[in-house]
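Spelled out, the chains give:
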Amino acid sequence: MLGRTANDLFWMARYMERAENIARLLEVGYRLILLPHQSGEDEWRSTLKTAGCDAAYLERHTKFETSRVVDFLLLDRENPSSVTSCIEAARRNARAQRTAITREMWEALNSAWIELDGRARQAREPNELPALFDWIRERSALFRGALLNTILRNDTFYFTQLGTFIERADNTARILDVKYYMLLPQNEIVGGGLDSAQWATILRSVSAHRSFRWVYRDAFKPWHIADFVILNPQLPRSLRSCYVEIAAALAGLSEYYCADSDAMKRADGTLEMLSQADMVTIFQRGLHEFLRDFIAGNSELASEIAATYHFND
Amino acid sequence: MAFDEMRGTGKGRRCRDPYASIGPWLDGQQEDELRRKSSQAEALFRRTGITFAVYGAQEAAERIIPFDIIPRVLSAAEWRRLAAGIEQRVRALNAFMYDIYHRQEILRAGRVPADLIVRNAAFVPEMMNVEPPRGIYSHIIGIDIVRTGENEFFVLEDNTRTPSGVSYMLENRETMMHMFPELFSQVRVAPVERYPEDLRATLESVAPVQLDEDPRIVVLTPGQHNSAYFEHSFLADRMGVELVEGQDLVVADGYLKMKTTKGLERVDVVYRRVDDDYLDPLTFKAESMLGVPGIFELYRAGRVTIVNAPGAGIADDKSIYSYVPEIVEFYTGRAPILKNVHTYNCRRPDDLAYVLEHMAELVVKEVHGSGGYGMLVGPASTSAEVAAFRAKVKAEPERYIAQPTLALSTCPTLTEQGIAPRHLDLRPFVLFGDRMRLTPGGLTRVALRKGSLVVNSSQGGGTKDTWVLEE
């Protein structure tokens, strides 16, 4: 496979994952500001921060108004992280690699892209927004389903898996990092100072709101939330789950190419750490520091994969 | 009144033999139903991404070529005759190129003027005395044929550089089989689906000779923004080979290599869809970013095969075209089976005088133009347009040729005004390597505007599925 092909497959999957994540962040934020006593201003600030585009937003706008934030994160083609930009970038990568992906994957992506402009209208109608969020989630699921059902289990599969889960791990860690202070144990002792709607928001951001109760069977407690989203292997968006997939993909590549890689060793190390860690130690070491190191390590791993497999030679 | 592929020249409703099944089928269809199928087909093309880019068009950067769902049908006997003529032409044109790039016997014999070759932009002097594998220069050829009567077929153009459209031939058939399966059970249509296999076998057969393993083939594309990008990726995919850009290739250790996830790997055959000028900045245009520095030297040394060969354009140059009947006779010793359209070369003073006088009746083309750009269809133009073109031809006569306006045959086509005859042409695709491989049928292009004779997709043309009936 061409190095450029690997690069495009990786980014195609990354952008599709990002499109869904941005849409979910927006959906959750939108839901939260409808509740009484919530400040839209603060919520949108942290949503944009999680999406990694708060600075870019402030270059263009002065106030965190709902309609502007929605427009910026859903439609704005100047914002490389908007859902529209992500779907366009994913399609561009896919189009460059039509030969490497299956017809089903291409059609799932291409039909999303074709429909995109027609859907833009919905983003400007508050009553239509939930339907739009549903649509984005469906398109992402359709793409992912087409991928899992049709793709050959060779390097093509492994590079798309890496793109998906590196992006997902980054997203989950950022959600936590922006709101980590809500998860600190002292907040629970303070009690009532923070409202459980905020905790629910964190869970909703990683599609874990309902499943949490099945796993922990008690009310939201900050360290359980942190444990679930960071260390629990049952939750498909937890950091540990992401690294199970990343390590498996890198092991698959090593086997397929008959050569071990430093990237694989690095991912194995991170997975080992996540499997053995407990929340007590993480809180003692500092949750923010832990997440900051994780995000940096995750991004270094992405660079290492790119270098190992000649993405940009 | 033009010859109609379905009804012939008669006024009656009787169908010609090849249309014996299609005619009654078409009569039995509701127009609404055909329209519904037609928009289904369009949605299918769009979802599949069978698009092309129109140069100079800002809006809708990716368009689909309109597909007409009424097929164009050729009988087995008609096809046999066309096939024999096409094969003869392809052999002769390759022999011509071998000669031009070696001893130039045909120039010494005075059958083709020497300055037409040496001063031609499509002639590549760097190719002199290069030995391409099997002596073939143009392995992939599309011959444009038009029809004006029951037995009147003419070659309009030989595309010996990088003919495009074969992906439409294949996708049109897929679409028709998807939408009208019952029709295919009634009519025995020769399949076209072997083309990608044939293409791969052809490319393998011209690999450099000293190989100890299976040749590695790639398709070289200028990239996503090229108007035929869909076709490049389509062909690579159907052959199961990598689609590469210039940036993915490099010359290293005396071979052409591609940059893979495992490092550099050797490439043996390049099916390039990049023009000669852009192929190698060291030999041709220095500013080209699309090609591979050093690839031409490797080719000369027989380390890699470039398909079609650099310089293959000398055989489809519009100023050479009028000599093709001579060329066929010179190399095959036989009269051409397929006729040429009479062509006026404006570089000849007599021809120029005739063209300037009769411009309103003629089709005038730029020698180096393609895709229907830069041409004048006299009878369809205003007198101001004709006058403007006349000035251009006067200023640079050697840049133009002219041909009589032919009454191209028509075929029933679904139009906004109902089913109506529209003019069409035919581009069969030939592969030439260890042997000649000709796919039955080809791409039928149809001028969708009433009365229009310009079938190019860039000028509002559409396509039809082309059926060759089995005996």
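Above: the structure in question.
The structure contained in this document is the topic of the report that follows. Within each chain, residues carry numbers counting from 1 in the order of the written sequence. Starting at A for chains and at 1 for ligands, labels are handed out in the order in which the entities are written. With pLDDT at 70 or above as the cut-off, local features in this predicted model cover only qualifying residues; side-chain atom pairs require 80 or more to be listed or tallied, and sums for whole chains, interfaces and linings still use all residues. Only hydrogens and water are removed before side-chain values are computed, so all heavy atoms of the structure are retained for them.

1. Focus on the overall build of chain B
Tallying secondary structure elements over chain B gives 15 helices and 21 strands in all. By the compact-globule yardstick of 23 Å for 471 residues, chain B fits well, its C-alpha radius of gyration being 22 Å. With the principal axes as the frame, chain B shows a C-alpha extent of 70 × 55 × 45 Å. Pairs at least 24 residues apart make up 68% of the contacts formed inside chain B by residues separated by at least 6 positions. Note on conventions: DSSP H or I runs of at least 4 residues are helices, E runs of at least 2 residues are strands, and numbering of each starts at the N terminus. Values of the radius of gyration come from C-alpha atoms, whereas the globule rule sets the reference at 2.2 Å times the count of residues to the power 0.38. Contact between two residues is taken to exist if any of their heavy atoms lie within 4.5 Å; hydrogens are not considered.

2. Quick word on the overall build of chain A
Within chain A, the regular secondary structure consists of 16 helices and zero strands. A globule of 313 residues ought to have a C-alpha radius of gyration of about 20 Å, and chain A, at 19 Å, matches this closely. Principal-axis analysis of the C-alpha atoms gives chain A an extent of 55 × 50 × 35 Å. When accessible area is computed with a 1.4 Å probe and restricted to protein chains, residues below 20% of their type maximum are described as buried, those above 50% as exposed, and intermediate ones as partly exposed. For chain A, the residues scored as buried account for 58% of the 313 residues in total. In chain A, 65% of the contacts between residues at least 6 apart in sequence involve partners at least 24 apart. Note on areas: Shrake-Rupley with a 1.4 Å probe; residue coverage comes only from the protein chains shown. Accessible surface, chain A as shown: approximately 13300 Å² in total, 50% of it carbon and sulfur. Computed over 37 positive and 42 negative side-chain charges, the inter-centroid distance for chain A is 4 Å. Note that His is not counted, nor are the chain ends; the positive residues are Lys and Arg, and the negative ones are Asp and Glu. Taken as the charge location is NZ of Lys, CZ of Arg, CG of Asp or CD of Glu.

3. Regarding helix H4 (residues 66-74) of chain A
Among all positions of H4(A), only Val69(A), Val70(A), Phe72(A), Leu73(A) and Leu74(A) are buried. Where H4(A) is buried, its residues meet helix H1 (3-33), helix H2 (40-50), helix H3 (54-60), helix H5 (83-96), helix H6 (103-123) and helix H7 (129-150) of chain A.

4. Comments concerning unusual backbone geometry
Cis geometry is found at the peptide bond from Val307(B) to Asn308(B), where omega equals -15°. Mapped onto the elements, Asn308(B) comes out in the loop between strand E10 (305-307) and helix H12 (318-321). Phi at Ser207(A) takes a positive value of approximately 50°, unusual for a residue other than glycine. Topologically, Ser207(A) is positioned in the loop between helix H10 (196-205) and helix H11 (211-216). According to the relative accessible area criterion, Ser207(A) is partly exposed, its value standing at 44%. Positioned with a positive phi, Asn129(B) is a non-glycine residue whose angle comes to about 65°.

5. Overview of the layout of surface pockets
In this analysis, the protein atoms alone were mapped onto a 1 Å grid. Cavities are point sets where a 1.4 Å probe fits without being able to get out; pockets are open sets with protein on both sides within 12 Å along at least five of seven lines; lining residues have an atom within 4 Å of a point. Grid points are joined across faces, edges and corners, and a volume is the space filled by probe spheres set on the points. As a volume, the second largest pocket reaches approximately 710 Å³. Lining the second largest pocket are 31 residues, with Met1(A), Arg216(B), Gly240(B), Val241(B) and Glu242(B) sitting closest to its centre. Looking at the lining of the second largest pocket, the elements that each hand over two or more residues are helix H8 (155-178) and helix H13 (239-257) of chain A together with helix H9 (229-239), strand E5 (242-244) and strand E8 (263-266) of chain B.

6. Observations concerning the pattern of salt bridges
All names here are of chain A. Here, a salt bridge means any Lys or Arg side-chain nitrogen found within 4 Å of an Asp or Glu carboxyl oxygen. Summed over the entire model, instances satisfying the criterion amount to 63 salt bridges over all chains. Of the charged contacts in the structure, one is a salt bridge between Arg 24 and Glu 20, with a shortest N-O distance of 2.5 Å. Note that Arg 24 and Glu 20 are positioned in helix H1 at a spacing of four residues, about one turn of the helix. Across the pair, Glu 20 and Arg 24 agree in class, each one buried. Between Glu 304 and Arg 266 there is a salt bridge, with its nearest N and O atoms 3.3 Å apart. Of the two residues, Glu 304 sits in helix H16 (residues 287-308) while Arg 266 sits in helix H14 (residues 262-276), which places them 38 residues apart along the sequence.

7. Concerning the state of the cysteines
Residue and element names in this part refer to chain B. Criterion for a disulfide: a pair of cysteine sulfur atoms at a distance within 2.5 Å. The full count for this structure, using the stated rule, is zero disulfides over all chains. This cysteine, Cys 411, is not joined by any disulfide, and Cys 15 carries the nearest cysteine sulfur, 10 Å off. Owing to a relative accessible area of 0%, Cys 411 belongs among the buried residues under this scheme.

8. A few points about the environment of Lys259(B)
When you line up the elements, Lys259(B) lands in strand E7 (residues 255-260). The sequence separation of Lys259(B) and Val130(B) amounts to 129 residues, and the corresponding C-alpha distance is 28 Å. Ignoring anything within four residues of it in the chain, the contact list for Lys259(B) reads Met1(A), Leu2(A), Gly3(A), Asp313(A), Gln247(B), Asp248(B), Val250(B) and Leu264(B). Here a polar contact is recorded for every N or O atom pair within 3.5 Å, except that within protein the pair must consist of a potential hydrogen donor and a potential acceptor, and residues adjacent in sequence are included only if both atoms are side-chain atoms. Of the polar contacts made by the side chain of Lys259(B), one reaches the backbone oxygen of Gln247(B); its length is 2.9 Å.

9. Details of the pairing of strand E20 (residues 443-447) of chain B
Residue and element names in this part refer to chain B. Summarising burial for E20: five of the five residues are buried, a large majority. Of the two faces of E20, the one carrying Leu 443, Arg 445 and Ala 447 and the one carrying Thr 444 and Val 446 are both buried. One bridge is not enough; two strands pair if DSSP finds at least two bridges between them. Sheet topology places E20 next to strand E21 (residues 461-468); four bridges connect them, and they run antiparallel. The partner of Thr 444 across the bridge, within E21, is Lys 464.

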